[in-house]
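# A structural walkthrough
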Amino acid sequence: MSTRSILESIQGSGLADWMRYSGVAPVIESTHVVAAVLLFGTVLVVDLRLLGLADSRLAFTRISHETLPLTWVAFGVSLITGVLMFSASAQTYFDNTAFQLKALALCGAGLNMALFQLVTARRTAAWDQCVPAPRAVRVAGLASVLLWAAVVLLGRWIGFTKGYDFTIPPGVELGFPVGPE
């Protein structure tokens, strides 16, 4: 199967029809935005602690433990609503530069988190209450903030670029004067 045929199958599914024709799309889109912002907010709280910019009196492990359940719920809701929105216009989203960059930023954020958990967080006891935290911890926190901010900003950009063709057809003059007349 080609990528195009997979996208056509997704876009032709009953789920995609439900998204396009049931009137539920604005609710799904709003839920996606709220969940994404909640996700970014909970991640930001942890990352600011890693960077030493938030309340350094609290241990990283405590902040992480308290925010992680909400982070996972927000991620799950974002994922489900994102898949629903994608299904309605799979081909358009797939070809959209902002969507492609958002997907790349999401992968980068996931990779950053995995590396942090597998490498840096294993030595948490050594730096849990240190300010400033070791350089690797701060780098992971900064990368996370930047990647998740990119996810949010690119997600908003998708809404302004999805399905528009900005090319000017041949022979069309816009009538903007160029230079002195």
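Since this is a predicted model, take the numbers as computed values, not measurements. (Residues numbered from 1 in each chain as written. Predicted model: local features only at pLDDT ≥ 70, side-chain atom pairs only at ≥ 80, totals over all residues. Heavy atoms only, no water.)

### Looking at the side chain of Thr-124
The condition that has to hold: Strands are runs of DSSP state E lasting at least two residues, helices are runs of H or I lasting at least four, and both sets are numbered from the N terminus onward. For this analysis, a polar contact is any N or O atom pair within 3.5 Å, provided that within protein one partner can donate a hydrogen and the other can accept it, and provided that sequence-adjacent residues contribute only side-chain to side-chain pairs. Here, residues are in contact when the closest pair of their heavy atoms is within 4.5 Å.
Considering the arrangement of structural elements, one finds Thr-124 in helix 7 (residues 124-127). Among the polar contacts made by the side chain of Thr-124, one reaches the main-chain carbonyl oxygen of Ala-121 at a distance of 2.4 Å. Sequence-distant contacts of Thr-124, defined by excluding residues within four places in its chain, comprise Phe-60 and Thr-61.

### Quick look at the pattern of salt bridges
Spelled out, the test is: Salt bridges, as used here, are contacts in which a Lys or Arg side-chain nitrogen is within 4 Å of a carboxyl oxygen on Asp or Glu. Only protein chains enter the accessibility calculation, which uses a 1.4 Å probe; a residue is then buried when its area is under 20% of its type maximum, exposed when over 50%, and partly exposed in between.
Counted by the stated rule, this structure contains 3 salt bridges. For the salt bridge of Arg-4 with Asp-95, the shortest nitrogen-to-oxygen distance reads 2.6 Å. Separated by 91 residues along the polypeptide, Arg-4 in helix 1 (residues 3-11) and Asp-95 in helix 5 (residues 90-95) bring together distant segments of the chain. On the basis of relative accessibility, which here comes to 34%, the residue Arg-4 falls in the partly exposed class. With its nearest N and O atoms 2.5 Å apart, the salt bridge here joins Asp-17 to Arg-20. With Asp-17 and Arg-20 both in helix 2 (residues 14-21) and 3 residues apart, the pair spans about one turn of that helix. Overall, Asp-17 belongs to the partly exposed group, its relative accessible area being 31%. On the basis of relative accessible area, Arg-20 is assigned to the partly exposed category, the value being 31%.

### A few points about the packing of helix 3 (residues 25-50) against helix 8 (residues 135-161)
Here is the rule we go by: Here an angle of 0 to 180 degrees is reported between the N-to-C directions of two axes, which are lines fitted to C-alpha atoms, with helices fitted over the stretch in contact. By the definition adopted for this analysis, an angle is roughly parallel if under 35 degrees, roughly antiparallel if over 145, roughly perpendicular if from 65 to 115, and oblique otherwise. Two helices that cross are described as forming a left-handed crossing if the nearer one is turned anticlockwise from the farther one by less than a right angle, and a right-handed crossing if clockwise. Three classes are used, and their members are as follows: Ala, Val, Leu, Ile, Met, Phe, Trp, Tyr, Cys and Pro are nonpolar, Asp, Glu, Lys and Arg are charged, and the others, Gly among them, are polar.
Contact geometry of helix 3 with helix 8 gives a least axis separation of 9 Å together with a crossing angle of 160°. In this view, helix 3 runs roughly antiparallel relative to helix 8, as classed from their interaxial angle. In terms of crossing hand, the pair formed by helix 3 and helix 8 is left-handed. On the side of helix 3, the interface is formed by Val-33, Ala-36, Leu-39, Phe-40, Val-43, Leu-44, Asp-47 and Leu-50, while helix 8 contributes Val-137, Arg-138, Gly-141, Ser-144, Val-145, Trp-148, Ala-149, Val-152 and Arg-156. Broken down by class, the residue content of the contact of helix 3 with helix 8 amounts to 12 nonpolar, 2 polar and 3 charged.

### What to know about the environment of Leu-104
For Leu-104, the location among the structural elements is in helix 6 (residues 97-120). Considering only alpha carbons, one finds Leu-104 and Thr-61, 43 residues apart in sequence, at a separation of 28 Å.

### Section: the nonpolar core
To keep things clear, this is the line we draw: Here, nonpolar core refers to any group of buried Ala, Val, Leu, Ile, Met, Phe, Trp, Tyr and Cys residues whose side-chain atoms link them within 4.5 Å.
In this structure, Met-19, Ile-28, Met-85, Phe-86 and Tyr-93 are the most contacted members of the largest nonpolar core, which totals 13 residues. Going through the elements one at a time, helix 3, helix 4 (60-88) and helix 5 are the ones with two or more residues in this core. Setting aside its immediate chain neighbours within four residues, Phe-86 contacts Leu-7, Ile-10, Tyr-93, Phe-94 and Phe-99. Leu-50, Ala-133, Val-137 and Ala-140 belong to the second-largest nonpolar core, a separate cluster that totals 10 residues.

### With respect to the layout of surface pockets
For clarity, the cut-off: Site definitions follow a grid-based scheme: protein atoms alone, a 1 Å grid, a 1.4 Å probe that fits but cannot get out for cavities, and for pockets an open set with protein on both sides within 12 Å along at least five of seven lines, plus lining residues having an atom within 4 Å of a point. Grid points are joined across faces, edges and corners, and a volume is the space filled by probe spheres set on the points.
Considered as a void within the structure, the largest pocket measures approximately 840 Å³ in volume. What lines the largest pocket is a set of 32 residues, and nearest its centre among them are His-32, Gly-82, Met-85, Lys-102 and Ile-158. Listing elements by their share of the lining of the largest pocket, those giving two or more residues are helix 2, helix 3, helix 4, helix 6 and helix 8. By volume, the second largest pocket is sized at about 490 Å³. In terms of lining residues, the second largest pocket is bounded by 23 residues, among which Val-43, Leu-68, Thr-71, Met-113 and Gln-117 are the most central. Elements supplying a minimum of two residues to the lining of the second largest pocket: helix 3, helix 4, helix 6 and helix 8. Residues belonging to the lining of the second largest pocket are distributed by class as follows: 14 nonpolar, 8 polar and 1 charged.

Remember, this is a structural readout, not a statement about activity or role.
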